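Per-entry structural report
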Amino acid sequence: MLMDIGYVATGCGFKASAECIFDALIAARPSSELPLIGLAVVKMSFGQVSEASKILTESVAKINPDSQLAKAFFGLLLKQIGSNRESEKVLSEVLETNSDEDAVALAKSILSDVGR
């Protein structure tokens, strides 16, 4: 439930509150990459691309180097900065792995919008 609240706070523009929620979840669940991904989404949403990238590629990798959900969000980040070709490559890898239903759904959604 707190993850959802963190995402809602992000969507409503409450950056500090969202960061606080995800930081608390990171402390409470240090073995889960999901709160880190949430924090990366906050960073992406507020234009902190390099911070989001580090979280998705380095911090998450320490916990779960095979996280397809982090990879799908990294594909979204690449799309946001205009690296459509790289985004498509990363997202296609998520689809090929096909090991995480949520990651696959996200990748498909982003890929359907890559050219736009």
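Residues numbered from 1 in each chain as written. Predicted model: local features only at pLDDT ≥ 70, side-chain atom pairs only at ≥ 80, totals over all residues. Heavy atoms only, no water.

All chains considered together, the criterion is met by five salt bridges. Among the ionic pairs, E19 bridges to K15, the shortest N-O distance being 3.1 Å. Of this pair, E19 and K15 both sit in helix α2 (residues 15-28), four residues apart, roughly one helical turn. Overall, the relative accessible area of 15% leaves E19 in the buried class. The class of K15 is partly exposed, set by a relative accessible area of 24%. As a salt-bridge pair, K43 and E19 come within 2.7 Å of each other at their nearest N and O atoms. Linking K43 in helix α3 (residues 34-45) with E19 in helix α2, this pair joins segments that are 24 residues apart in sequence. (Salt bridge = Lys/Arg side-chain N within 4 Å of Asp/Glu carboxyl O. Helix = DSSP H or I, 4+ residues; strand = E, 2+ residues; numbered from the N terminus. Buried < 20%, exposed > 50% of the residue type's maximum accessible area, 1.4 Å probe, protein only.)

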